[in-house]
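Chain residues, written in single-letter form:
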2 protein chains.
Amino acid sequence: MLIATTLAQIQNALAQTRKQGKTIGFVPTMGALHEGHLSLLRRAKKENHVCILSIFINPTQFGPNEDFTKYPRDKKKDVLLAKKENIDIIFYPSEKIMYPPGYLTYIEVTKLSDVLCGRTRPGHFKGVTTVIAKLLNIVRPQTMYLGEKDAQQCVILKHLVKDLNFATKVIACPTVRETDGLAMSSRNKYLSSTERKEATVLYSSLTLAKNEIKRGLRDAMKIRYLIEQNIRTLSRGEIDYVACVNAENLEPLTEIKGHVLIAVAARWGTTRLIDNVSISVK
Amino acid sequence: MLIATTLAQIQNALAQTRKQGKTIGFVPTMGALHEGHLSLLRRAKKENHVCILSIFINPTQFGPNEDFTKYPRDKKKDVLLAKKENIDIIFYPSEKIMYPPGYLTYIEVTKLSDVLCGRTRPGHFKGVTTVIAKLLNIVRPQTMYLGEKDAQQCVILKHLVKDLNFATKVIACPTVRETDGLAMSSRNKYLSSTERKEATVLYSSLTLAKNEIKRGLRDAMKIRYLIEQNIRTLSRGEIDYVACVNAENLEPLTEIKGHVLIAVAARWGTTRLIDNVSISVK
């Protein structure tokens, strides 16, 4: 396994790969790898000749009061996990490699970046789209694998790739959950044991809502109310948003119809968690 | 010569080229080809196995009161000229191919896009960087050739390519001029015969300034004043700006020192012309 830290290292390695006509599967991460990331790596490995993992805690996607400095970093453990999965290359650049002095360029997927998490985290998705465009140009993978837990990120990055004509296919993979249903996230580490227990309310509320839809409920306001009430009753989590939106364009729905994304964000103390489910309704 | 109008056509043709290990030289244009464009095509042809010309009048780089609708279009003549130069592929997409319904993504090279022409044409360079990023992803050339007449555009696009890690080298080529010194431009067609004669004042003033620098003048304000006075005395051109800036970061200079760009923009009626010279001073 190669750990490439410079552009020359990753580009030389990939030039070889391309010359040999091998396909590249790419999993971009911020490290602190968990089973969710590993599921992406396994799929990338299975579907491509070569699997590349990038680990870069991207400063431009954190707001001034967010958790950039305390975001979990554990290079040793991440490298070990990647080795176990037989990953071919880890791209592990420094901030100076990704944003050298004099850096000036930013990419925005308008509209989609302003709703849901974008409303609470202004500039967040601009940072995400910028760094992913850079990584796509560096790695030039056939396929990029993302986790559905970050549903809005998946929608935005699919749009980015289509709008800017990147020669990469984006595949969103199912959220991996703890046995009690909590979506795996590097940020779960921030939770106290009480908060950790309470946080299961996100997925249980989403499941409750999904079941109501399966039973015939079509009023989006009622669905949202159900989720909000459930979270408020069963936890001290502070709700950021509960939304029922079109899963492709993220536009809010009044009636549950088509491919629907039900997404939620809530805070326990300073820890902000997100989760979502989707359902197709005729 | 292939004239590709769809993404599939250009991508299939280029997939072949890449498989054969051939290098691609790329010249992006808005058509209305003149000797300036042809000089770029000749260099691209000479330095690469395959030469691609794109012709696309990019709506996102025109302001609401600019000349998008009347911009010269002459497909037949452009195709003929390209054939004469033995160009391999013309990419000639429609607006719908480049900006399909639901298009949302824009790229900005901050700071550099706000000065000089960017001040008079807000949003112009955002349109340029966006369309060039798209074209670079579609064509994926080893080298892109640009004309130095659009000096600010060259600086911005070099920055775009570096910041976003495109695997393309950008080469700026010398401005091609009419025998009386006027820089070749598709917009010269708009000029009346009187305006056409007067417009030579741009280059003659820049040359005058350059000669003064060669003779030892180092005061940027005096250089700018000299150019302004010359244009005002010899023509009815309305000056948009006369600037002495650092040629790499476009920052204004008080002292002529280093790699200096002297740039000018002026209007004759609704026709806006630009020109520039550069000089290296120890």
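Everything numeric in this text was worked out from a predicted model, so none of it was measured. (Residues numbered from 1 in each chain as written. Chains lettered and ligands numbered in written order. Predicted model: local features only at pLDDT ≥ 70, side-chain atom pairs only at ≥ 80, totals over all residues. Heavy atoms only, no water.)

Draft legend 1. Highlighting the relation of the copies chain A and chain B. By a simple turn and slide, chain A fits onto chain B: the slide is 0.0 Å along the axis, the RMSD is 0.0 Å, and the turn is 180°. Both copies of the chain, as the preceding transformation shows, are related through a two-fold rotation axis. The C-alpha atom lying nearest the rotation axis in chain A is that of Ile107(A); the distance is 2.2 Å. Interface overlap between copies: 100% of the residues of chain A at the interface are likewise at the interface in chain B, consistent with a symmetric, same-surface contact. (Least-squares fit on C-alpha atoms with pLDDT ≥ 70 in both. Contact = heavy atoms within 4.5 Å.)

Draft legend 2. Focus on the packing of helix 6 (residues 124-139) of chain A against helix 7 (residues 151-163) of chain A. All names here are of chain A. One can describe the packing of helix 6 onto helix 7 by two numbers: an axis separation of 10 Å at closest approach and a directional angle of 50°. With respect to helix 7, the axis of helix 6 lies oblique. For the crossing formed where helix 6 meets helix 7, the hand is right-handed. Residues Phe125, Val128, Thr129, Ile132, Ala133 and Leu136 of helix 6 form the contact with helix 7, whose own contacting residues are Gln152, Gln153, Ile156, Leu157, Leu160 and Val161. Class assignment of the residues belonging to the contact of helix 6 with helix 7 gives a composition of nine nonpolar, three polar and no charged. (Axes fitted to C-alpha atoms, helices over the stretch in contact; angles between N-to-C directions. Helix = DSSP H or I, 4+ residues; strand = E, 2+ residues; numbered from the N terminus. Parallel < 35°, antiparallel > 145°, perpendicular 65-115°, else oblique. Left-handed = near helix turned anticlockwise from the far one by under 90°. Nonpolar A, V, L, I, M, F, W, Y, C, P; charged D, E, K, R; others polar.)

Draft legend 3. Local environment of helix 6 (residues 124-139) of chain B. For helix 6 of chain B, built from 16 residues, the straight-helix expectation of 22 Å at 1.5 Å per residue is met to within 8% by its first-to-last C-alpha distance of 22 Å. Just past helix 6 of chain B, the residue Arg140(B) takes up positive phi, approximately 40°. (Expected span 1.5 Å × (residues − 1).)

Draft legend 4. Layout of the confidence of the model for chain A. Mean pLDDT over chain A: 97, with 100% of residues reaching 70 or higher. Confidence estimates for the predicted assembly give a pTM of 0.97 and an ipTM of 0.97. (pLDDT = per-residue confidence, 0-100.)

Draft legend 5. Structural view of the sheet that holds strand 4 (residues 89-91) of chain B. Residue and element names in this part refer to chain B. Strand order in the open sheet formed by six strands is 1-4-3-2-6-7, with parallel pairing between adjacent strands. Each end of this open sheet is capped by a strand with a single partner; those strands are strand 1 (2-4) and strand 7 (169-173). Neighbouring strand axes in the sheet, compared pairwise and without regard to direction, differ in orientation by 25° on average. The pairing of strand 6 (residues 143-147) with strand 7 spans five bridges and is parallel. By the bridge assignment, Tyr145 is partnered in strand 7 with Ile171. Its contacts with the sheet put helix 6 on strand 2 (24-29), strand 3 (50-55), strand 4 and strand 6, and the angle it makes with strand 2 is roughly 150°. (Pairing = 2+ DSSP bridges.)

Draft legend 6. Structural context of the pattern of salt bridges. A complete count under the given rule lists 26 salt bridges over all chains for this structure. The residue Asp240(A) makes a salt bridge to Arg272(A) at a minimum N-O spacing of 2.9 Å. Of this pair, Asp240(A) sits in strand 8 (residues 238-246) while Arg272(A) sits in strand 10 (residues 271-281), and the two are 32 residues apart along the sequence. Residue classification places Asp240(A) among the partly exposed positions, given a relative accessible area of 24%. Judged by its relative accessible area of 14%, Arg272(A) falls in the buried class. Of the charged contacts, one joins Glu198(B) and Arg236(B) as a salt bridge, the two residues approaching to 2.6 Å between their closest N and O atoms. On the criterion of sequence distance, the pair formed by Glu198(B) in helix 8 (residues 193-198) and Arg236(B) in the loop between helix 10 (220-234) and strand 8 (238-246) is long-range, its members being 38 residues apart. Using a relative accessible area of 13% as the deciding quantity, one classes Glu198(B) as buried. Given the relative accessible area of 63%, Arg236(B) is considered exposed. Connected via shared salt-bridge partners are Glu35(A), Arg42(A) and Glu85(A). (Salt bridge = Lys/Arg side-chain N within 4 Å of Asp/Glu carboxyl O. Buried < 20%, exposed > 50% of the residue type's maximum accessible area, 1.4 Å probe, protein only.)

Draft legend 7. The arrangement of the pairing of strand 3 of chain B in detail. All names here are of chain B. For strand 3, the tally of buried residues reaches six of six residues, placing the bulk of the element in the interior. Judged by which residues are buried, strand 3 turns out to be covered on both faces: Val50, Ile52 and Ser54 on one side and Cys51, Leu53 and Ile55 on the other are all buried. Pairing of strand 2 with strand 3, which is carried by six bridges, proceeds in the parallel orientation. Across the sheet, Gly25 pairs through a bridge with Cys51, a residue of strand 3. A crossover links strand 2 with its parallel partner strand 3, the connecting element being helix 2 (residues 35-47), and its sense is right-handed. Both strand 3 and strand 4 contribute to a ladder of three bridges, which runs parallel. The partner of Leu53 across the bridge, within strand 4, is Ile90. (Right-handed = clockwise from strand over helix to strand, strands pointing away.)

Draft legend 8. Just the nonpolar core, in detail. Residues Ile52(A), Ile132(A), Ile52(B) and Ile132(B) are the most contacted members of the largest nonpolar core, which totals 100 residues. Excluding its chain neighbours within four sequence positions, the residues that come into contact with Ile132(A) are Pro28(A), Met144(A), Leu157(A) and Leu160(A). (Core = buried A, V, L, I, M, F, W, Y, C linked by side-chain atoms within 4.5 Å.)

Draft legend 9. Highlighting the packing of aromatic side chains. One pass over the structure, following the stated rule, counts ten aromatic pairs over all chains. Residues Phe62(B) and Tyr71(B) carry aromatic rings whose centres are separated by 5.9 Å and whose planes lie at 75° to one another, so their mutual orientation is edge-to-face. On the basis of relative accessible area, Phe62(B) is assigned to the buried category, the value being 9%. Ring plane angle 90° and centroid distance 4.9 Å describe the contact between Tyr99(B) and Tyr103(B), whose orientation is recorded as edge-to-face. Just as Tyr99(B) is buried, Tyr103(B) falls in that class too. An aromatic cluster is defined as three or more aromatic residues linked by ring pairs; in this entry it consists of Phe56(A), Tyr99(A), Tyr103(A) and Tyr106(A). Its end group placed over the ring of Tyr92(B), Lys75(B) keeps NZ or CZ at 4.4 Å from the ring centre. The ring centre of Tyr203(B) lies 3.5 Å from the NZ or CZ of Arg177(B), which sits over that ring. (Phe/Tyr/Trp six-rings, centres within 6.5 Å; stacked < 30°, edge-to-face > 60°. Lys NZ or Arg CZ within 6 Å of the ring centre and 35° of its normal.)

Draft legend 10. The domain arrangement of chain A, seen in detail. Residue and element names in this part refer to chain A. Its domain assignment divides chain A into domain 1 (2-173) and domain 2 (186-275). With centres defined by C-alpha atoms, the gap from domain 1 to domain 2 works out at 26 Å. At the junction of the two partners, domain 1 supplies 20 residues and domain 2 supplies 17 residues. At the boundary of domain 1 with domain 2, total buried surface from both sides reaches about 1,600 Å², with 59% on carbon and sulfur atoms. Between the two partners, domain 1 and domain 2, sit one salt bridge. When the shortest N-O distance is used, the salt bridge between Asp67 and Arg187 registers 2.8 Å. Going through the elements one at a time, helix 5 (117-120) and helix 7 are the ones with two or more residues in the side of domain 1 that touches domain 2. Considered class by class, the residues forming the side of domain 1 that touches domain 2 number ten nonpolar, five polar and five charged. (Domains from an automatic or database assignment. Buried area = accessible area lost by both parts, 1.4 Å probe.)

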